[in-house]
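Residue-level structure breakdown
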Amino acid sequence: MYSVQDAEQISRLRQERWCLLAHFADKAAPYFSRTTEYSKLRTQLEKVNAQLYTLTQNPIYHVVQ
């Protein structure tokens, strides 16, 4: 279904996505969403989701805000 290169990139991006989501869960506190760290991580998560959507066309990665 995917080329070897695409499959490797998808796996790497999914791993990064899970790490970002785990970090959000670990830092779940009312003030965290107002920090610079949160903004940077959120931006990175949006980029990863966009790349995954482009590669897979899976709607779970197509996050519209």
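Residues numbered from 1 in each chain as written. Predicted model: local features only at pLDDT ≥ 70, side-chain atom pairs only at ≥ 80, totals over all residues. Heavy atoms only, no water.

Scanning all chains against the criterion turns up two salt bridges. With a shortest N-O distance of 3.7 Å, Glu 16 and Arg 12 are connected by a salt bridge. Placement of both Glu 16 and Arg 12 in helix 1 (residues 4-26) is noted, with a separation of four residues, approximately one turn of the helix. Residue Arg 42 is joined to Glu 46 by a salt bridge in which the shortest nitrogen-to-oxygen separation is 3.9 Å. On the criterion of helical spacing, the pair formed by Arg 42 and Glu 46 is a turn pair, its members being four residues apart in helix 2 (residues 36-56). (Salt bridge = Lys/Arg side-chain N within 4 Å of Asp/Glu carboxyl O. Helix = DSSP H or I, 4+ residues; strand = E, 2+ residues; numbered from the N terminus.)

Let us now look at the packing of aromatic side chains. Evaluation of the coordinates by the stated rule reveals three aromatic pairs. Where Phe 24 meets Tyr 38, the ring centres are 5.4 Å apart and the plane angle is 70°; that geometry is what we call edge-to-face. One end of the pair, Phe 24, is in helix 1; the other, Tyr 38, is in helix 2, with 14 residues separating them in the sequence. Here Phe 24 falls in the buried class, since its relative accessible area comes to 14%. Seen in terms of ring centroids, Phe 32 and Tyr 38 are 5.6 Å apart; in terms of plane orientation they differ by 85°. Their pairing is edge-to-face. Classification of Phe 32 as buried rests on a relative accessible area of 6%. Taken together, the ring pairs connect Phe 24, Phe 32 and Tyr 38 into an aromatic cluster. (Phe/Tyr/Trp six-rings, centres within 6.5 Å; stacked < 30°, edge-to-face > 60°. Buried < 20%, exposed > 50% of the residue type's maximum accessible area, 1.4 Å probe, protein only.)

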